[in-house]
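# Working through the structure, step by step
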Amino acid sequence: KTPLAGLKALLQTLQRGLVSDDDFDSVIAMGPQQVEREEHLVQTLLHAQRLRLAGPRLQREAVPLTDILNSFVAHRRLSRPSDPQRYLLEAPQALLGMGDREAIWTILENLADNADKYGAEQITLRTWANAGRVYVSCNDNGQGFDPSRAKSIFEAYRHGNDDNARDNHGTGLGLYISRRMAK
């Protein structure tokens with residue numbers, strides 16, 4: 001179960017000629033998806049190490065939040081083309097917020113990845129402004145988690161359902177990193 005196992009298996013399958021002509025295009029399409037997963041894993045580990053060693057050093061600048069969310073939804077739809085309505089954005093107006101563009105993207109990736117891992121069929125990002133603050137919510141229809149675990153799932157190396165932790169994929173760092181960055 002090394003992080004590169006999926007990519008290695010894909011390449012070995014292609015190398016051995018085990019893919020029919022009919023399936024070739026769909027199998028090749030798995031390559032960029034797997035590389036994206038690996039890239040996200042490396043970014044997650046780097047973020048966790050930076051947070052552990054130095055704490056978050058994030059930029060505080062004006063960011064076009066609605067533009068970032070539109071780009072994020074378009075990115076997720078491209079990487080999962082079989083279901084274009086899986087990711088929805090409800091942003092009634094263009095909003096400008098203060099924050100770190102990379103941190104916002106990382107938080108969105110982690111939230112969407114968790115929703116995907118835990119059975120969501122649809123993920124909706126919503127934005128709104130109230131009393132001079134800008135808000136973003138990420139809602140999904142996945143399995144959810146026991147409310148008594150709400151605090152602990154934001155700890156490092158935790159999963160939504162630790163009873164079956166060995167069956168969960170990922171590092172258990174995504175929500176930990178997201179919370180630290182958000183704060």
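Cut-off values and rules
- Residues numbered from 1 in each chain as written.
- Predicted model: local features only at pLDDT ≥ 70, side-chain atom pairs only at ≥ 80, totals over all residues.
- Heavy atoms only, no water.
- Salt bridge = Lys/Arg side-chain N within 4 Å of Asp/Glu carboxyl O.
- Helix = DSSP H or I, 4+ residues; strand = E, 2+ residues; numbered from the N terminus.
- Buried < 20%, exposed > 50% of the residue type's maximum accessible area, 1.4 Å probe, protein only.

Between side chains of opposite charge, pairing is possible as soon as their charged atoms come close. Here the structure, examined in full by the defined rule, presents five salt bridges. Residue Arg76 is joined to Asp116 by a salt bridge in which the shortest nitrogen-to-oxygen separation is 2.9 Å. Within this pair, whereas Arg76 is found in helix 3 (residues 65-79), its partner Asp116 is found in helix 4 (residues 101-117), the two being separated by 40 residues in sequence. Note on Arg76: relative accessible area 0%, which makes it buried. Glu90 is the salt-bridge partner of Arg126, the closest N and O atoms lying 2.8 Å from each other. Here Glu90 lies in strand 2 (residues 87-90) and Arg126 lies in strand 4 (residues 123-130), a separation of 36 residues in the sequence. Arg126 gets classed as partly exposed once you look at its relative accessible area, which sits at 29%. What you see here is one network of salt bridges that share partners, running through Arg76, Arg86, Glu109, Asp113 and Asp116.

Treat this as a map of the structure, not an account of what it does.
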